[in-house]
Every structure is written in C-alpha cells, then in structure tokens.
Amino acid sequence: MSRRSVIEMLVLVFFVLLPLAMPTWALSDFAIYFTYAIFAVSLAFLWGHVGLLSLGHAVYFGLGAYAMGVVTLGMTVLPGWSVIGVILAVLVPGIVAFVLGSFFFASSGLTGAFFGIVTLALAFVFERMAISSTWLGGMNGLMSIPPVVVFGHEIYDPLVLYFGLLGLLALTIRLLQVVMRSRFGLLLAGVRENELRAATLGHQTARLKVWAFTLSGMIAGLAGALFVSQFGFASPSLIGFSLSAEALIWVALGGRSNLLAAALGAICVRFVESQLSGALGAVWPVVAGLLFMTSVVFLPRGLFGEAMARLQVAGRRSDPS
Amino acid sequence: MLEIQELHAGYGGGEVLRGLSLGVAHGEIVALLGRNGMGKTTLLRCIMGLLPHAAGSIRLEGQPLSGLDCFEIARRGVAYVPQGREIFGQLTVEENLRLAALRGGTIETGYDLFPGLRARAKDPGGSLSGGQQQQLAIARAMVAKPRLLLLDEPSEGIQPSVVNEIADIVTRSVRSMGLSVLLVEQNTDLALRVADRAVFVDHGVDAASIASRAVTREILASYMEL
Amino acid sequence: MDRILIFLLDSSNAILVLMLVSLGLAVIFGLMNVINMAHGEFLVLGAYGVLTLQWAGLPFAACLVIAPMLVALIGLAAEELLIRRTYERLLDTILATWGLSLVLRQGLVLIYGPGSHAVAAPDMGSVPVFGEIYPVYRLVVMALSAAAIAFTFWVFFRTALGLQARAVIANRNMAACLGINTRMLDRLTFAFGAGLAGLAGAVMSPLISVDPNAGLGWLVPGFLSILVAGLGSLSGPIVGAAGVGAVDSLAAAISSPVWAQLTVFVAAIIVIRFFPQGLMALKRREA
Ligand SMILES: Nc1ncnc2c1ncn2[C@@H]1O[C@H](COP(=O)(O)OP(=O)(O)OP(=O)(O)O)[C@@H](O)[C@H]1O
Ligand SMILES: [Mg+2]
C-alpha cells in the first residue's frame, strides 16, 4: 500500500473512532462539518486539479440547497420525496454549471483571474435573485425543511448522520480520485499545466473544463441538499458571497491540491471556529483571515497539504523500493 | 574595472555558467565569443543582477555586486543593451531616452550619438525600424553616462551596411569617453575589429582570452564552429 | 426636462466615483499585476476615516484630505507586509487580498460595531443648476472626483514618476536596468491606488450609509468596469466605469436598483466573455 493510502486510511480510522470520545450532541455538528467538507472537496477538485479558481462556488451549493428544500417542502408538482430532492439538487446545479461553463469556456473563453471575477459577480447575481424571489422566501429563505427520509425513516439520529455523512464524504473523495486518475482526469491536469499544449495536442480543452465544472457543481449541489436537510432551512446566505469566501478559506488552509487536505481544512476550520468563537467572539473572523493570509503566503500547499506532502516524501526516502 | 571570478549560475536545475572568470580593464573593449547557448546572455544578465548567481563573485571597481538589486547595479554605472533591444515600444523615443537620463544624464548625449533619432523624438519607439531601434537602445544606454557598457548581439537582425555604421559610431564614442565594454557578438569579424581582446566561452567557462589581433582562423574555428 | 437633468447629475455623480474606484484598481493591476480584492474595504476605510476624524472634532474639509492619506498609509503597510510576498502569483494575490478584505471588514466591526453610521453632511445648501435646485455638496463630490482623476492622469503622463511607472508596466526588468527602483514604485503605486479608493469613500461618506460591508458593492462594479473596457491603459477604467455606471443608472431609473445591478452584472459578464480584451481593443483594431 502506498504511503498516501496509509495516511488516508489512518484519517478514516480516526474519524470512525472519534464518536467514542464525543458526546452525542457533538456528533451532529460533525455531520455538518462533513457536509461542508464535501463542498470543499468539490471546490478543491476544480481549483487544485483543473486550475479554475471559482470565487462564487456557493452558487452551486445554494442551488442544491434550494432545490432540496423546494422539493421536500412539497412546493413543486413532484412528490416531496427525499430521493427526488437529492436528484434535483444534483441536476439543477449540474445543469446551471454546464450552461455557464459552456458559456465561459467555449472557444478561448475566460481564464484565470477573469474567470474568478466573473464567478464572483455571478455569486452576487444569484444571491440577489434568491433575496428578491418571494417563492423562495426572500431574505428569510425556506424554513422547516424536513430531514432526509430513507425507506420511510426520517434520518435525524446523530450517530447515523455522523456515519452516513462520513461515508458520503469518503465516497466523494474516492470517486473524485478515480476521476482524477482516469484519462479524463489526466487530460484535465494537462489543461491545468499548459492549456495551449493540451489544445495543440488535439484535445477539446473547453469541453474538458465544462465537464469538470459540471461535476464540481453537482457535488457542491449534493452537499447543499445534505446540508439543508440537516440544518432545516435554506437562506440566501447559502448561495452567495460569504459562503463562497468561507469555502475558499477552508480549501486554501487545508490544501488546494489534495482533496483529503481540503476536506480536513473544512472540518478543522469549522471545529476550531465552534470552539473558539465563543471565547473570541467577533475576533474569530480576524484570526481566520490572518491565518488564511499567512497560509497563502507561506504555505501555498495548505496546512494539511504540506504535511501530507512531507510525510509522503519522508516515506519515499525511508523506503527505497 | 570589472572582475568576474569562478561564476556559477543557471536556470532552475540546469547550470549554465560553470565557473567562468573574466576581467575587463578600464577603457578596454572585450568581445565575448562563443557558440549559441553557451551562456553569454546569461553572463550579462548575472552582471546586471537580473539573474542571481549560485557561486563566485562579480566586482565592479573592486566593489562586489552580489546581492545588489538590478537598479542599484545600473546606478553604479553599468548600462545594458539587451539581446532583442527591449526598447519601450509604447513610449516615445524621447521618453525612452529621458528614462535613462533621470539620474543625471542628458538626452542630448543620445541625439548627438545618433542624430537620426531626433527627427523621430515624438514617435513611439515601437514604430522605428530595426536599425533605429538598436540605435535607440544604444543611445539609451549611453545617456545614463555608464562606466561599463554591456552589449548583447547589437548586430542581430540589422542589415550589414547599417551595422558597420553603428559600430563605427559606437566605437569612436566609447573610445573617446574611455568606457569599458563587454560585447557579445556573433559577427566575429566585426567583434574582432572593434575589440581589444576576445574571450571565448565554451559550455559555461572561459576557454581562452586572446588579443584580437592574435586571433587566427584556426582559433575561431575551434571555438565557434559546430 | 427637470427630472432628466437631476437624473443626469445624479448619474454623473455615481459614475465619477466609480471611475475613481476603477482607476485605483487599474493602476494597481497595471503596475503590479495584483488583483486587489480589498479595494472595496479601502473605500470603506476612507469613509470610516472621515467619521472618526469628525468625531475627533476636525472640520469636514480636513477630514477629506487626511482620510485618504491614512488609507494610503494602510495600503503601504499592506503592500509591505502581505502583497509583495505574493508577486508573480496572480491567483494568490486574489486570495491574499481577499483575506485582507476579510480582516479589514471584521476589524471595522470590532472597532465600530456591525451597524451603519451616518457621517454628518457638511451644510453647503443648494444652488440652482440650469434652473434646477441641486445640493452643493454633490457638485463638490463631482468636482473632487474629476480633479483626482485628472491628477492621476497628470502624474502618469506628465511627471518623471509617471514615466517610470509606465516603463515598469511595459518591461519591469528593463526599467530596473535603467536604474529605476521598481520596489519603491510598487509601494507608491499600491499606496496611491489605495488612496484613490480612500478618497472615493471619503467624499461619498455623507451620501452613503457607512457600514463594514459596504465595500463589496463597489468592488465588483469596479472590476467589471476595468474588464469591460480592457486592461492595459488608464483610459480603460474611465470608459468602463462610464459604461457600467450609465447602464446602472438607466436601468435603476426604469426598474429598481436591485434589478439595475443584476442587469449591469449580467451585461458586463456577457461583454467580458465575448471581448476578453475589452471593448476598447475593438475600437483600436478598427482604427
Ligand atoms: N530563461 C531561461 N530558462 C531556462 N533556461 C534558459 C533560459 N535562458 C537561457 N536558458 C538556457 O541557458 C543556456 C544559455 O543560454 P544563453 O542565452 O545564455 O546563451 P547565449 O550564449 O546567449 O546564446 P545565443 O548566442 O543563442 O544568444 C541555453 O542552453 C539556454 O537554453
Ligand atoms: Mg544570447
């Protein structure tokens, strides 16, 4: 087994054993952190692996959240089943990401900073639309969104939520790792390293990016759906600027080019925040911002990304095979 | 004037200069000759402080230049005419010269050297012909009143008649001012005609230093031919 | 007729201030290749500066002068401590300045509280403009903004400092080879850009509600302005801000401010997508 998968296994084992050391109520907090981690992973895939820095990624999270809410609250003609909610929560952001991606990337489209700024402006547009939509509850959003129902059982038991979301997070990371190692994933890495060369080799780089963007949007949407069914309401803050900014912090602090590191970034920042925000209050965002800046300057690979990279190098040195 | 000892430098992993030593005396014109890719431009970039060196020393009038910023080296009297000229295409001819004259020179020096530039003073540098751009690049270097002039392939891409004219003007001016010059040039006839001494660079080291008059066909062939 | 005149005056007011904001962004981007996400916060700092200095008992005119300078100093510190460490990494400048904006915003919350403040407007009364009564202070805002824009152009195109800045923009290494201290220019440029934003915030402070989150509402239109017209020239942000501001004002007059903003954003995104070089490149190609 490679050093890398040993690290991944150990992290998984840690989280499987963690409930033994925690009060039950804390479990549901962690279930929420895992949900955020799924969102972080979708962003890290797009940013770290494809090289597209989306400054408004909460759009897709929020779309998933609202889609789930609208369906399970019975506001559509569809039956209010959780399955349908989840399906739409993946499809709607996926379609939006596909359409926007096609628009952005087709024939020498937006790159780098331009893409970032445009996605940021879009986050504003979507947030404004959510606020001004009375159907979606305006400023207040959608309330009393029911929990997920599986085979007739409402899932709200903290332990079940904890392991359910831990499993989903692990599955998402695994899935994206498979994607990244596939031919599609290797081509995406080629686009990141040198788009011009990938294009001259005859690859349709625009289409590759569109699909990567779509996949990322779908996963973000899934995270949004999972979030609202635990949290109970969807508000415009889920779709706009501030959550996008937060997700960037998680991923930058954790590690942009390593999915597990990004996930750990989300979990840790959220956990530390819950521990410290009581004591630090309004000072906490300042601390988070300073940490974020420090990591951008001194640890571009992120806290966990750097640690894992070092562990892997150390492993390779001590193991001549 | 300029003393370089055991200089090592390169890009990323690969070392380009592998212990090169070289000196230029006061008022001396030294031609730096060698095949393509042997590290001549790299050496000039090191002297100018555009590229850090890994080991060795560069001294100007006894003062070490290591660790100084490019602008500080320029202010100590080193002027650089880079390969490809790198004039400011969007700025006017006059603005190009004024930039170099900000620290105590006068743009008239440049116009006196190449009077043809005066007529184009208000035109953007990018609109000049190749020969005129080279004149501008040299004039810009001279305006700064340097002590040491670094010239990187000034004849590149310019028609031969113009090359000789420029070479004569520059040589005369340099001699009269007593400037030291380090000249990189592919046109060996021209280089040997204007220089006092030739230093041959081979794979990042100084392979030979020979007075221009003493350079024979055989020597040239052994260092310059593929 | 009268309504149209007032509308034109109000729009010019908004456009001129947006021009200041975009100009600051463009100056910083042009010279340093830094995308300054904290620019909106610099603007807000200008407004808070006026607020604080007013509390300290200074006359309003003094506040207008000192507040932008304080913001420029903050910009100088930010450049030295943070920004210069991210040069050559364009996307990281976005992240670093984004972090800075977060810290500044929350810092304001800590010091001044999350709520909004009102800056006492200087009592200048109103004057007839082409037969319409218009507040004098708004005319002052326009005059100051126009003067600051003119000053920026003067510095860039008529002074030795500006010449050096243009040389650095064109070819940083070659500029250094001519003895230009590029580090010093970076510092000055960032401080100058921040100061422009601070000035925008200072002059607008009596006209807006001063709250920590007000910056975002300026940042995005500012960016869209410079992208719409195209990077790489000082007239770009002026033309872009005129376009963005005009569409915004018109749309707001027809519908509501919210829909106006949506219209502007979507229109700008479409323009940027199809003309990544900016609309001004189009004209250059024809010429
Ligand atoms: N920016 C760079 N990055 C990496 N390698 C470089 C770079 N510039 C030059 N090199 C390499 O360094 C070596 C020396 O290059 P240099 O330009 O100094 O040669 P030169 O002697 O000036 O050649 P020429 O006569 O073609 O100008 C070459 O092998 C070149 O490929
Ligand atoms: Mg060369």
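Our structure's up above, just so we're on the same page.
Note that the coordinates shown come from a computational prediction; the quantities given were computed from them, not determined experimentally. (Residues numbered from 1 in each chain as written. Chains lettered and ligands numbered in written order. Predicted model: local features only at pLDDT ≥ 70, side-chain atom pairs only at ≥ 80, totals over all residues. Heavy atoms only, no water.)

Engineer: What is the right way to look at the environment of F30 of chain A in this model?
Structural biologist: All names here are of chain A. Examined against the element boundaries, F30 turns out to sit in helix α2 (residues 24-49). Here F30 falls in the buried class, since its relative accessible area comes to 6%. In the structure, F30 is positioned 241 residues away from F271 in sequence and 8.0 Å away in space, judged by C-alpha atoms. Setting aside anything within four residues of it in sequence, one finds F30 in contact with F15, L18, M22, Y162, I267 and F271. (Helix = DSSP H or I, 4+ residues; strand = E, 2+ residues; numbered from the N terminus. Buried < 20%, exposed > 50% of the residue type's maximum accessible area, 1.4 Å probe, protein only. Contact = heavy atoms within 4.5 Å.)

Engineer: Help me out: how do you make sense of the side chain of D92 of chain C in this one?
Structural biologist: Position of D92 of chain C among the secondary structure elements: in helix α4 (residues 90-112). For D92 of chain C, a relative accessible area of 6% corresponds to the buried category.

Engineer: Got a minute to help me understand the interface of chain A and chain C in this structure?
Structural biologist: Where the parts come together, the accessible area they lose is often given as the size of the interface. Across the contact, 39 residues belong to chain A and 39 residues belong to chain C. Surface buried jointly by chain A and chain C totals about 3600 Å² across both partners, of which 84% is contributed by carbon and sulfur atoms. Its largest share of buried area at the contact with chain C, chain A owes to F103, F114 and I117 of chain A, together 17% of the area lost on that side. Taken together, the connections running from chain A to chain C amount to 1 salt bridge. A salt bridge links D92 of chain C to R256 of chain A, with the nearest nitrogen and oxygen atoms 3.1 Å apart. Counting the contacts that link chain A with chain C gives 8 residue pairs in polar contact (both at pLDDT 80 or more). Elements with a contribution of two residues or more to the side of chain A that touches chain C: α4 (82-105), α5 (112-132), α10 (241-254) and α12 (284-298) of chain A. Per-element tally for the side of chain A that touches chain C: the top contributor is α5 of chain A, with 12 residues. (Buried area = accessible area lost by both parts, 1.4 Å probe. Salt bridge = Lys/Arg side-chain N within 4 Å of Asp/Glu carboxyl O. Polar contact = N/O pair within 3.5 Å; in protein donor to acceptor, adjacent residues only side chain to side chain.)

Engineer: Help me understand the interface of chain C and chain B in this model?
Structural biologist: In this assembly, 16 residues from chain C lie in contact with 19 residues from chain B. Roughly 1700 Å² of surface becomes buried between chain C and chain B when both sides are summed, with 69% attributable to carbon and sulfur atoms. Taken together, the links from chain C to chain B amount to 1 salt bridge. At the junction of chain C with chain B, the criterion picks out 4 residue pairs in polar contact (both at pLDDT 80 or more). Breaking the side of chain C that touches chain B down by element, the ones donating at least two residues are α6 (160-170) and α7 (172-177) of chain C. In terms of residues, the side of chain C that touches chain B owes the most to one element, α6 of chain C, which gives 6 residues. A per-class count over the side of chain C that touches chain B returns 10 nonpolar, 5 polar and 1 charged. (Nonpolar A, V, L, I, M, F, W, Y, C, P; charged D, E, K, R; others polar.)

Engineer: Even after reading the chapter, I still don't get the pattern of salt bridges, so can you show me in this structure?
Structural biologist: A side chain with one charge may pair with a side chain of the opposite charge, provided their charged atoms come close. Counting across every chain of the model gives 26 salt bridges over all chains. Among the salt bridges present, the one from R120 of chain B reaches D123 of chain B, with a minimum N-O distance of 2.6 Å. A relative accessible area of 22% means that R120 of chain B is categorised as partly exposed. Assessed through its relative accessible area of 26%, D123 of chain B is described here as partly exposed. The shortest N-O distance in the salt bridge between R183 of chain C and E80 of chain C comes to 3.3 Å.

Engineer: In this structure, what is going on with the coordination of the magnesium ion (ligand 2)? I would like to understand it.
Structural biologist: Each donor-metal-donor angle in an ideal tetrahedron of four donors is 109.5 degrees, and each such angle in an ideal octahedron of six donors is either 90 or 180 degrees. Residue and element names in this part refer to chain B. Within the first shell, the magnesium ion (ligand 2) binds the protein through T41 (OG1) and Q83 (OE1), at distances of 1.8 to 2.3 Å. With T41 in helix α1 (residues 40-48) and Q83 in the loop between β6 (78-81) and α3 (93-101), the pair connects residues that are 42 residues apart, well separated along the chain. A residue is classified by how much of its surface remains accessible, and T41, at 23% relative accessible area, is partly exposed. (Donors = N, O, S within 2.8 Å, 3.2 Å for Na, K, Ca; no water.)

Engineer: I tried to follow the site of ligand 1 on my own but got confused; where do I start?
Structural biologist: All names here are of chain B. Neighbouring ligand 1 are the residues Y11, V16, N36, G37, M38, G39, K40, T41, T42, Q83, E153 and Q186. N36 places a side-chain nitrogen or oxygen 2.9 Å from an oxygen atom of ligand 1. Between ligand 1 and the protein, one listed contact pairs an oxygen atom with a backbone N or O atom of M38 at 3.1 Å. Burial of ligand 1 by the surrounding chains reaches 58%, relative to a free accessible area of 630 Å². (Near = heavy atom within 4 Å. Areas by Shrake-Rupley, 256 points an atom, 1.4 Å probe, with all protein chains shown as cover.)

Engineer: Would you mind showing me how to read unusual backbone geometry here?
Structural biologist: All names here are of chain B. We note that R85 has phi near 70°; this positive angle belongs to a residue other than glycine. Looking at where R85 falls in the secondary structure, it is placed in the loop between β6 and α3. Look at H203: it is not a glycine, yet its phi comes out positive at around 45°. With respect to the helices, strands and loops of the structure, H203 is situated in the loop between β9 (197-202) and β10 (205-211).

Engineer: Before we go on, may I ask you to explain the nonpolar core in this structure?
Structural biologist: Looking at soluble globular proteins, one finds that nonpolar side chains tend to be buried together. In terms of nonpolar packing, the biggest core is built from 299 residues, with F15 and F104 of chain A, M48, L182 and F200 of chain B together with W98 of chain C touching the most fellow members. Looking at which element gives the most residues to this core, the answer is α2 of chain A, with 18 residues. Inspection of this core shows a minimum of three residues originating in each of domain 1 (2-77 + 148-223) and domain 2 (89-145) of chain B. Leave out the neighbours within four places in its chain, and L182 of chain B touches L2, L22, V24, V30, L32, L44, I47, L148, L149, L150 and L151 of chain B. (Core = buried A, V, L, I, M, F, W, Y, C linked by side-chain atoms within 4.5 Å. Domains from an automatic or database assignment.)

Engineer: How should the packing of aromatic side chains be read in this particular structure?
Structural biologist: Aromatic ring pairs: the centre-centre distance and the angle between the two ring planes describe each pair. Residues and elements named next belong to chain A. This model, assessed by the stated rule, comprises 36 aromatic pairs over all chains. Aromatic pair F105 and F213: ring centres 5.9 Å apart, planes at 85°, arrangement edge-to-face. Taken together, the positions of F105 in helix α4 and F213 in helix α9 (residues 205-231) put the pair 108 residues apart, joining distant regions of the chain. Ring geometry for F231 and F233: centres 5.5 Å apart, planes at 45°, overall tilted. Among the residues examined, F231 registers a relative accessible area of 44% and is labelled partly exposed. Here a set of aromatic residues connected by ring pairs shows up, and it is made of F14, F15, F30, Y33, F34, Y162, F163 and F271. (Phe/Tyr/Trp six-rings, centres within 6.5 Å; stacked < 30°, edge-to-face > 60°.)

The quantities given are spatial measurements derived from coordinates; they are silent on function.
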